[in-house]
Amino acid sequence: MYDVIVIGAGHAGCEAAFACARLKLNTLLLTINLDKVALMPCNPAIGGMGKSQLIKELDAMGGQMGKIADLAGIQFKLLNQKKGPAVQALRTQIDKKEYETLMKHLLETTDNILLKQGTVAKLLVDGIKVKGVLTEDGMQFLAKAVIITSGTFLRGRIIIGDKDYYAGRMGENPAMNLTKSLTSLGFEMDRFQTATPPRVDKRSIDFSKTIISSGDEEAGSFSFWACPKRGERANIPSFLTYTNSKTHDLIAQNIKYSPIRSGIINTHGPRHCPSIDRKVLNFPQKHKHPVFIEPEGVHTNEMYLQGLTTSMPFYLQEKIVNTVEGLEKASIIRPGYAVEYDYLIPCQLNYTLESKLIENLYFAGQINGTSGYEEAAVQGFVAGANASLKILGKKPLILTRDTSYIGVLIDDLITKDLSEPYRMYTSRAEYRLFLRSDNADLRLATLGFEAGFLEKEAHQKTLKKQQAIDSLIKLLKNITIKPQKANRYRPNLKLKEPIRLYDLFKRPQVNIGDIKYWLDHASNGYGDGVWKQAEIIIKYEGYINRQFEEIKKTKKLEKFAIPSNIDYFRFKGLTYGAQEKLSRKRPNTLGQASRIAGVSPSDISILLLNLRRK
Amino acid sequence: MNKKKINNMFYIEEDTIAAIGTKPGEAAIGIVKISGKEAIRVADSIFRSKNGKTINELKSYSLLYGEIIDGRGEVVDEVIVGLMRNPYSYTREDVVEINTHGGITPTTKVLSLCMDRGARLAEPGEFTKRAFLNGRIDLSQAEAVIDLINSKTEESLKIAANNIKGNIKKEIASIRDGIVEILVQLEASIDFIEEDLETTPYEELRKKTGVLLERVEQLIKDESKGEIIKNGVKVAIVGKPNVGKSSLLNLLVKKDKAIVTSIPGTTRDAVEEIIYVGGIPLIIIDTAGIRKTASSVEKIGVERSLGHIDEADIVLMVVDGSRKLDGRDFNIIGKIENKNSILVINKVDLGQKEDIKKLGLPFGPEQTIRVSALKKTGIEDLEHSIKKKVLGNGELNLEDKIIINQRHKKIMQDVREVLQDAETAMANKLSEEFASADLKIASGLLGEITGDTAREEVLENIFSRFCIGK
Ligand SMILES: Nc1nc2c(ncn2[C@@H]2O[C@H](COP(=O)(O)OP(=O)(O)O)[C@@H](O)[C@H]2O)c(=O)[nH]1
C-alpha cells in the first residue's frame, strides 16, 4: 500500500513525486520506460516568456525544475532586457541527456520515492474514490491517492506524411487502455495534436552561412536557492538561418502530402508553434521564416531545427531542410513528426487539480491540455502537493490568479474552453506588473515553506531579504538631500527644492548607482537583489499599487466558495446559457464563475443572491 | 493615479453607492440617495447646514436644512437632507437622502459631487439587492429582487443599446478597436520578442494613443454640449392674456403622459413642470404663472411671464390668430428678439384675421406654427419644431453624440484619464507593459459600454495578425 501513485515520470510526474516525498509520503512513480525519465521530446530549451516565471515560482515553493535546469543549461539568455522587470524572462538551452540524468538521479536518491517501470491499464476505484491502479502486466498497486501525469501517451498516435501508428512518443509505446478506464468512470476526453521538427547532424551544417547567437553572461539563474557556478559549457552558441522562396515553393508544391492538408490530422495543434507547412499556407506573403539551430546537448551531434516543425513524409523533410541556407547538405538523423493524443478536458478539475468526479484522483501536465515542460512541471507540483496535503489532513495549496502565474495557469485551465494546447504568456497574467520573476521568492516562499515543501533555510533567507528591502525603502524615505548635492552629481536633474531619495529614485533617469552615491556609505550592507527590489517597488509604485487595488476589489469574489453539489437549473433568474455553462464547469468560486465565457455580470449577481439566501 | 477607475463589473464589497432616487410614478429627479459605510461622510463633505450641524450629528430619521457646495465652494442648491442610520434604513446601511430644491440640473450635479467624494454610481437594482443581502427584505421577496436585477439589467442594456446608437456607439467601438490594436502591437513585442515580428514602432503607437485620446475628449466635449438635453430645456410660454397659453400648456401636458411632477422652481414662487417631447425633457417655466393669467390678475401675469424670458432656452410666443395682432403682442415679440423662439399662432379653428407672413416678424416659416389648443391641431408640428430647435438644424445633431447616462459619462472620463497615463508612460519611454496596463483598463472600461468582454482578444489578434512560431 502506497500513499500516492504517480503515473508517468515526465516533468509533471517528477515534480509531483518530489512534492509527495517532501511530505514523507510513500510514493510510487510508475513510468512506461525507465530510460525516458524527464525526457524533453521537443525543443532543447527551458524557460522563455511566461514560462520562466512559472519555473521561478515553482522554485520559490520548493520545486526542482529550476535547480536542474540551472545545472543542465548550456546557454542562458535574458529575454526583453530592454524592457521592464515584469516582462523579462530567462531562457536556457538545455543539455537534454544531462537534464534527464540529473533528474533521474535525484528521483532515485530521494527518500520515499520508488521509481518503477510499468504501464497503467486501469484505475481501481471504490465508489467515488480512487484506490489504486492495475498495470498492463497484471500488477496491482494500491494507494490513497493517484496522480495521472501521462503526457501525450494516452492513445498517442504518431503521424509522418501518410503514415500513422500508435506511439506515446517516437519509438515509445503508447498507453492504449487508460483512456477507456477514464471514460468509463465518466471523464470527458478530447484530442489534441502537437509536432516536433527534424534533427540534423551537426557535421552536415555549414555554420558559416548562419548567424551565431550566444547567451548573456549576466542572465542569472532559475533557482533562488542554489546558484551553481557556470563552467565553460554554460555558453554554447546556437545559430540562426532563414527559410526562403525555394523552401516555400517546395512545400507549396507538396502540400497535398502534409497531414494537415491530407486530413490525417484534424485535431488542433498549438498555434504558438505551427508547422512550416502551416506557416507557408497561412502567411503566403512572408518570404522567409527564421530557423534556429539549437544543440540538443554537449555529447551529441543532434541539432534541433526550431521553426521547421513538420510532419511531411520523411523523404520530403530532408528536401525541405536542404533548401535552407546553411542546411543545404544537412542530413536528418531524426525526422519531424506529429503526435495526436487524448487529453482530459480540464474543467473537470478543482484548483487543487483533484478531479471533481473521483476523489483522490489528480491530473497534471500535458494530459490537461497544456503544452510545454514548464506548464507541466508546475501542475505536477500542485497536484503532488495537494494529494499529500489532503492525505495528511492539511489545508490545500490553492494558487489563484493574483498570487502567481501558476494560479493563472490553473484558473485558465479549469475555467476556459481550450481550443489548442495551452501555453503560458505574460499577457495572460492580468497582474503581470506584480507577478514578476524577481519577486517570486518574496511572493511564494512562505506559502511553500508553510505547506512543507520549501526548506527552512531558504525561507529564512527570503524573510531576511524582505526585511532588508523594507529597511532600505524606509531609509530612502528618511533621507532628504539638498538640490545642490543632487544637481552636482546629476546636473540634468535641475532640482530646486530638497528632495527625499525615495522620490528621486522614482525618476526614470535616476538609477541604483546614483542613489548609492548620494547615500554615501549608509547603503552598505544591502545586496544587489535587495537594491533591485527597492528600485522596482519605488519606481513603479503607482502601477503596482493599482494592481493591488484591482486584486483587493476581486478578492471577495475569489474567496466566495460555491458548493460543489449545486443544481444551477434550480436558480431562477439565471439565463439558460449560464445554467448550462455553470453546470458544466462547476466553478469552485464566484470569481472563477465570473470568468466563464457566457456567464454575465448579472448572472453573477443572481448567483450571489441565491448562494447567500441559504 | 485614480483607483476608482478600476473596472469591475460587480461588487460584493459594500462600498458606498449613490443614485438618483426614484419612486413609482415619480420623476427621476429631486432626490439623491446615498447608502453605505461612507454615506454620511460623503454627504457631509458636500453639505453645509443652516444651523451649523453636520449630518453625522443627526439622529436617525431626522432632517437638516442647508446647501450643497461644489468643489469651488459655490452653492449648487438648497436642500433638505434626511438621515436613516443603519440598520433602520431600506438597505440596512447608513442612508442619506438629499432632497434637492430644483430640477434635474442640481440633482445630477449633487450626484456627481457624491461620486467625486468617493461614492460609486449604483448598479440597477442595487439598493434593493443590498436590502435583500442585509436581511431587510424577506425570502419571499427574493425572487422579485432577482427579477428586478434581470429586468433592470436588461433595461440598462436596452438603454445602452438604444441610446448609444448610431454615431456614438460606432465611435466608442472604434476607439476601443484602436486601443486593442495598440495592445496587440505592444503585447506582440513583449511576449513574442523571440519571434522577430515587425511590430509598429513605439513612438508611432504613442501618437496613435494621442489620437484616440483626442477622440475621447471630443466625445466628452460633445457630451457637455448635450448637457442641455439631459438636464432639460427650459421653455417659457409667453403672450398677452387670453391668447391660449394656459390651454396650450394643458394640452401639451395632457397629451404627453410622461408629465411627471410639479416641482418648485429655482425662482421663489414659480412652479416648473416637465414634459417630455421626443425624449427631451422640457421644463416649462412658471406654469403657475401661466395658469394664473387666466384669472383676474392679468397684469401681473404678463410681467411675470416676461420676467422668465432670461432663464428660458426656448420661448413659445403665443398669439391669437383669430384677431389682429396689437401693440401688446408686438411689445412682447420685441422683448424676445434675441431668444430662441417659436411663434405659436393659436385659435386657427376660428379662421385667420391676419396674414402673419406680411408682418415681417422675426420668425422663419419653420418657427411659425399654427395650432388650435381647443381643437388639438398642430401640436405635433409644434413638438417637432421644439425638437428641432433643441437638436439644431442638421449642422449640430447632438442626438447622436450624447453620452446618455452618468455611468457612461464617468466611464469616458476614466478612459480619458488612463489614456493620458498611457500616453505619459509612452512619452517617458517606460517599457511597453506599463502603457499596456493602462490601455487594458481603457479597453475594459469601453467594453462595459459596448458590451465587448472578450477575454482573449489580444492574443487571438496576435495569432491572426503575425506569423508566430519559430
Ligand atoms: N376657439 C379657440 N379658443 C381657444 C383656443 N385656445 C384657447 N381658447 C380659449 O381662449 C380663452 C383663453 O385661453 P387661456 O388658455 O386661458 O389663455 P391664456 O390667458 O393665454 O392662458 C379660453 O376661453 C379658451 O377656451 C383655440 O385654439 N381655439
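Residues numbered from 1 in each chain as written. Chains lettered and ligands numbered in written order. Predicted model: local features only at pLDDT ≥ 70, side-chain atom pairs only at ≥ 80, totals over all residues. Heavy atoms only, no water.

Caption draft 1: Just the nonpolar core, in detail. Judged by nonpolar contacts, the single largest core of 112 residues is most densely connected at Ile5(A), Ile46(A), Tyr99(A), Leu123(A), Ile148(A), Leu182(A) and Leu361(A). Excluding residues that lie within four positions of it along the chain, Ile46(A) makes contacts with Met40(A), Ile55(A), Met65(A), Ala69(A), Leu90(A), Arg91(A), Thr92(A), Ile94(A), Tyr99(A), Phe222(A), Tyr373(A) and Glu374(A). With 53 residues, the next largest nonpolar core counts Phe192(B), Val418(B), Ala425(B) and Ala442(B) among its residues. (Core = buried A, V, L, I, M, F, W, Y, C linked by side-chain atoms within 4.5 Å. Buried < 20%, exposed > 50% of the residue type's maximum accessible area, 1.4 Å probe, protein only. Contact = heavy atoms within 4.5 Å.)

Caption draft 2: Layout of the sheet that holds strand S15 (residues 238–242) of chain A. Residues and elements named next belong to chain A. Taken in spatial order, the six strands of this open sheet run S14-S15-S16-S17-S13-S18, and their pairing is antiparallel. Edge positions in the sheet fall to strand S14 (211–213) and strand S18 (332–334), since each has one partner strand and no second. Strand-to-strand twist of the sheet, defined as the mean angle between neighbouring strand axes without regard to direction, takes the value 35°. Lying on the sheet, helix H9 (residues 314–322) is in contact with strand S13 (199–201), strand S17 (302–306) and S18; it crosses S18 at an angle near 135°. (Pairing = 2+ DSSP bridges. Helix = DSSP H or I, 4+ residues; strand = E, 2+ residues; numbered from the N terminus. Axes fitted to C-alpha atoms, helices over the stretch in contact; angles between N-to-C directions.)

Caption draft 3: Spatial organisation of the environment of Glu126(B). All names here are of chain B. By the secondary structure assignment, Glu 126 is in helix H3 (residues 126–133). Of the residues examined, Glu 126 reaches a relative accessible area of 4% and is grouped as buried. For the pair formed by Glu 126 and Thr 91, sequence separation is 35 residues and the distance between their alpha carbons is 9.3 Å. Setting aside chain neighbours within four positions, we find Glu 126 in contact with Ile 17 and Arg 120.

Caption draft 4: Examining the packing of aromatic side chains more closely. Residue and element names in this part refer to chain A. Across all of its chains, the model carries 15 aromatic pairs over all chains by this definition. Plain terms: the ring middles of Phe 192 and Tyr 343 are 3.9 Å apart, the flat faces sit at 10° to each other, and that makes the pair stacked. With Phe 192 in strand S12 (residues 189–196) and Tyr 343 in strand S19 (residues 337–344), the pair connects residues that are 151 residues apart, well separated along the chain. In this structure Phe 192 comes out as buried when scored by relative accessible area, which is 2%. You can call Tyr 343 buried: its relative accessible area is 3%. Aromatic ring contacts, followed pair by pair, group Tyr 489, Tyr 517 and Trp 518 into a single cluster. (Phe/Tyr/Trp six-rings, centres within 6.5 Å; stacked < 30°, edge-to-face > 60°.)

Caption draft 5: Expanded view of helix H2 (residues 51–61) of chain A. All names here are of chain A. Burial runs high along H2: eleven of the eleven residues are buried. Residues of H2 that are buried include every one of Lys 51, Ser 52, Gln 53, Leu 54, Ile 55, Lys 56, Glu 57, Leu 58, Asp 59, Ala 60 and Met 61, and no others. Among the residues trailing H2, Gly 62 stands out with phi positive, at a value near 110°.

Caption draft 6: Highlighting the domain arrangement of chain A. Along its sequence, chain A is organised into domain 1 (199–339), domain 2 (456–547) and domain 3 (559–613). Distance from the C-alpha centre of domain 1 of chain A to the C-alpha centre of domain 2 of chain A: 45 Å. (Domains from an automatic or database assignment.)

Caption draft 7: Representation of the side chain of Ser189(B) within the structure. Turning to its location among the elements, Ser189(B) is positioned in helix H5 (residues 166–191). One polar contact links the side chain of Ser189(B) to the main-chain carbonyl oxygen of Leu186(B), over a distance of 2.8 Å. Discounting chain neighbours no more than four positions away, the residues touching Ser189(B) are Asn80(A), Lys83(A), Thr199(B) and Glu432(B). (Polar contact = N/O pair within 3.5 Å; in protein donor to acceptor, adjacent residues only side chain to side chain.)

Caption draft 8: Representation of the site of the ligand. Residue and element names in this part refer to chain B. Surveying the vicinity of the ligand reveals 17 residues, the closest of which are Lys 245, Ser 246, Ser 247, Asp 349 and Ala 373. Gly 244 has a polar backbone atom sitting 3.0 Å from an oxygen atom of the ligand. The side chain of Ser 372 places a nitrogen or oxygen atom 3.2 Å from an oxygen atom of the ligand. Surface burial for the ligand is 78%, taken as the share of its 580 Å² of free accessible area covered by protein chains. Among the elements that line the shell around the ligand, the one with the most residues is helix H8 (residues 245–255), at three residues. Among the residues making up the shell around the ligand, the classes are represented as six nonpolar, seven polar and four charged. (Near = heavy atom within 4 Å. Areas by Shrake-Rupley, 256 points an atom, 1.4 Å probe, with all protein chains shown as cover. Nonpolar A, V, L, I, M, F, W, Y, C, P; charged D, E, K, R; others polar.)

Caption draft 9: Up close: the pattern of salt bridges. Residues and elements named next belong to chain A. In total, this model carries 58 salt bridges over all chains according to the counting rule given. A salt bridge links Lys 555 to Asp 402; the shortest N-O distance between them is 2.8 Å. Here Lys 555, found in helix H18 (residues 541–559), pairs with Asp 402, found in the loop between helix H10 (373–391) and helix H11 (405–415); they are 153 residues apart in sequence, far enough to count as distant. Classification of Lys 555 as partly exposed rests on a relative accessible area of 33%. (Salt bridge = Lys/Arg side-chain N within 4 Å of Asp/Glu carboxyl O.)

Caption draft 10: Broad picture of the pairing of strand S8 (residues 129–135) of chain A. All names here are of chain A. Alignment of strand S7 (residues 120–126) against S8, held across six bridges, turns out to be antiparallel. Pairing of Leu 124 across the sheet is with Gly 132, part of S8. Taken together, S7 and the strand that follows it, S8, pair antiparallel across an intervening segment of two residues, in which Gly 127 is found at a positive phi of about 65°. Here three bridges tie S8 to strand S9 (residues 140–148), and the two strands are oriented antiparallel to one another. Considered in S9, the bridge of Val 133 is made with Phe 141. The hairpin formed by S8 and S9 contains four residues between the paired strands, and Gly 138 there has a positive phi angle of roughly 85°.

Caption draft 11: Summary view of the packing of helix H12 (residues 440–450) of chain A against helix H13 (residues 456–478) of chain A. All names here are of chain A. Orientation of H12 relative to H13, taken along the N-to-C sense of each, is 145°, at an axis distance of 9 Å. Here the hand of the crossing between H12 and H13 comes out left-handed. Contacts from Asp 441, Leu 442, Ala 445, Thr 446 and Phe 449 in H12 reach Lys 456, His 459, Thr 462, Leu 463, Lys 465, Gln 466 and Ile 469 in H13. Considered class by class, the residues forming the contact of H12 with H13 number five nonpolar, four polar and three charged. (Left-handed = near helix turned anticlockwise from the far one by under 90°.)

Caption draft 12: View of a nonpolar patch on the surface. Residue and element names in this part refer to chain B. A contiguous nonpolar surface patch, about 300 Å² in accessible area, is contributed by Leu 63, Tyr 65 and Ile 80. By the element assignment, Leu 63 lies in strand S4 (residues 62–69). Residue Leu 63 is classed as exposed on the basis of its relative accessible area, which comes to 61%. (Patch = residues over 30% accessible without salt bridge, like charges linked within 9 Å, V, L, I, M, F, W, Y side chains within 5 Å.)

Caption draft 13: Fine view of the sheet that holds strand S7 (residues 120–121) of chain B. All names here are of chain B. The strand order across the open sheet built from seven strands is S3-S4-S5-S6-S2-S1-S7, with neighbouring strands paired in mixed fashion. Only two strands of the sheet have a single neighbouring strand rather than two, namely strand S3 (47–49) and S7. Examined bridge by bridge, strand S2 (residues 31–35) and strand S6 (residues 95–100) share five bridges and lie antiparallel to one another. When the sheet's bridge partners are listed, Ser 35 is paired in S6 with Val 95. Sheet contacts for helix H1 (residues 39–46): S2, S3, S4, strand S5 (75–84) and S6; angle to S3, the most-contacted strand, approximately 70°.

Caption draft 14: Structural detail: the packing of helix H16 (residues 512–519) of chain A against helix H17 (residues 528–539) of chain A. Residues and elements named next belong to chain A. For the pair H16 and H17, the least separation of the axes is 11 Å and the interaxial angle reads 105°. Regarding the angle of H16 to H17, the classification is roughly perpendicular. Contacts between H16 and H17 pair Ile 512, Ile 515, Lys 516 and Leu 519 from the former with Asp 528, Trp 531, Lys 532 and Glu 535 from the latter. (Parallel < 35°, antiparallel > 145°, perpendicular 65-115°, else oblique.)

Caption draft 15: Region of interest: the pairing of S5(B). Residue and element names in this part refer to chain B. Burial analysis of S5 places seven of its ten residues in the buried class, the great majority of the element. Pairing of S4 with S5 involves eight bridges; the strand directions are antiparallel. Residue pairing in the sheet places Gly 66 in a bridge with Val 79 of S5. What sits between the antiparallel neighbours S4 and S5 is a turn of five residues, in which Gly 73 has the positive phi angle 85°. For S5 and S6, the ladder comprises six bridges, and the chain directions are antiparallel. The residue bridging Met 84 from the neighbouring strand is Val 95, located in S6.

Caption draft 16: Local environment of the state of the cysteines. Residues and elements named next belong to chain A. Scanning the entire structure with this criterion turns up zero disulfides over all chains. Cys 14 forms no disulfide, and the closest cysteine sulfur to it belongs to Cys 20, at a distance of 12 Å. Of the residues examined, Cys 14 reaches a relative accessible area of 1% and is grouped as buried. (Disulfide = S-S within 2.5 Å.)

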